[in-house]
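Coordinate analysis (summary)
The primary structure of each chain is shown beneath.
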Amino acid sequence: MNYSLLDRGDQVSRELAETFEQLAKERGLVRDDERPDVVLSIGGDGTMLHAFHRYRERLDRIAFVGIHTGHLGFYADWKPNEVSELVRLMADGGGLKDRVVKYPLLKIEIVSDAGSESYLALNEFTLKGADATLVAQLNINDMPFETFRGDGICISTPSGSTAYNKSLNGALLHPSLEALQIAEIASINNRVYRTLGSSLVLPKHHHCDIFPVKKQKLLITVDHLAIPYESVVSVRGSVSEQKVTFARYRPFPFWNRVREAFIQDGGQP
Ligand code: NAD
């Protein structure tokens, strides 16, 4: 099995990466940054976002694994002291096929004056006014839904629902649900301007379009990436046909991760 590795760059993560490489060599695992079967991310969820975008052209041939060197992450759920166990499972585990989970991704298609571009998000996409309130028409399945005025709009994946979306009071979605979630970022609601106010969950066969009403500078984010746009004509969000694969060498149910990350012992009856 070939693997590649990405670390956060801090000393703890770099040292753990060296330990992993040493143990992996002893067990006959081969590092191949061009064509890895498994991509290991050492750091936090942000490191996994970088790993995902680095290998997004090879998503159908790669399984990701995350080790956290800070607090427990949603994508980085192996502890540093479990690294030798992870190497043993990778080396002895045989084929990966039965030991993976697949999570849905978000497809974003942006049409601007400069042409059209398409992105895949593991966590979310956001559209914000760069220097003024965002005013945009939101359509769902080609039907006008509402006119949004406020800081911005966030569209997240189920596995990204625990990230930015959670700060916006969006619901947490189990990643086995093939869906996307639209959440408002500080919408203006008064007698003149009105939006739904709740987040919306769309199934796989639905799509949404955002049409900025005025020509304005916008900031688009896709996970950790921030891309300024001078003028956007439309943005379409839908559940991608592609999925991301995570190697699951041991079970760690999503709701346990939610509980450990956000409630911990405070949630004990
Ligand atoms: P960062 O360093 O600002 O990290 C943001 C935090 O988000 C970290 O604690 C990270 O562990 C956590 N996180 C990332 N993905 C997660 C997930 N799927 N579930 C739960 N927590 C998650 O930025 P970064 O490391 O470059 O990560 C970019 C992400 O930051 C974005 O994808 C977005 O989700 C998040 N973000 C959150 C807010 C907010 O909550 N107000 C604002 C901007 C960005």
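Residues numbered from 1 in each chain as written. Predicted model: local features only at pLDDT ≥ 70, side-chain atom pairs only at ≥ 80, totals over all residues. Heavy atoms only, no water.

**Focus: the state of the cysteines**
Within the structure shown, the criterion is met by zero disulfides. There is no disulfide at Cys154, and the cysteine sulfur nearest it, in Cys208, is 11 Å away. With relative accessibility at 0%, the residue Cys154 sits in the buried group. Relative accessible area serves as the criterion here: at 1%, Cys208 is assigned to the buried category. (Disulfide = S-S within 2.5 Å. Buried < 20%, exposed > 50% of the residue type's maximum accessible area, 1.4 Å probe, protein only.)

**Concerning the domain arrangement of the chain**
What the domain assignment reports for the chain is domain 1 (2-99 + 248-262) and domain 2 (105-241). Taken over C-alpha atoms, the centre of domain 1 sits 30 Å from the centre of domain 2. With 12 residues of domain 1 at the contact, the number on the domain 2 side is 17 residues. Note on domain 1 versus domain 2: buried area summed over both sides is about 1300 Å², and carbon and sulfur give 78% of it. The interface formed by domain 1 and domain 2 holds zero salt bridges in total. Linking domain 1 with domain 2 are four residue pairs in polar contact (both at pLDDT 80 or more), by the criterion used here. Within the residue set of the side of domain 1 that touches domain 2, elements represented by two or more residues are helix H2 (45-54) and helix H5 (254-262). Among the elements that line the side of domain 1 that touches domain 2, the one with the most residues is H2, at five residues. Considering only residue class, the side of domain 1 that touches domain 2 consists of 10 nonpolar, two polar and no charged. (Domains from an automatic or database assignment. Contact = heavy atoms within 4.5 Å. Buried area = accessible area lost by both parts, 1.4 Å probe. Salt bridge = Lys/Arg side-chain N within 4 Å of Asp/Glu carboxyl O. Polar contact = N/O pair within 3.5 Å; in protein donor to acceptor, adjacent residues only side chain to side chain. Helix = DSSP H or I, 4+ residues; strand = E, 2+ residues; numbered from the N terminus. Nonpolar A, V, L, I, M, F, W, Y, C, P; charged D, E, K, R; others polar.)

**Details of the packing of aromatic side chains**
Summed over the entire model, instances satisfying the criterion amount to seven aromatic pairs. Here the aromatic rings of Tyr75 and Phe246 are separated by 5.6 Å at their centres, their planes lie at 15°, and the arrangement is stacked. In this pair, Tyr75 sits in the loop between strand S4 (63-68) and helix H3 (83-92) while Phe246 sits in strand S15 (residues 232-247), placing the two residues 171 residues apart along the sequence. Neither Tyr75 nor Phe246 differs from the other in exposure class; each is buried. Linked through ring pairs, Phe64, Tyr75, Tyr103 and Phe246 together constitute an aromatic cluster. If you follow Lys166 out to its NZ or CZ, it ends over the ring of Phe262, 4.4 Å from the centre. (Phe/Tyr/Trp six-rings, centres within 6.5 Å; stacked < 30°, edge-to-face > 60°. Lys NZ or Arg CZ within 6 Å of the ring centre and 35° of its normal.)

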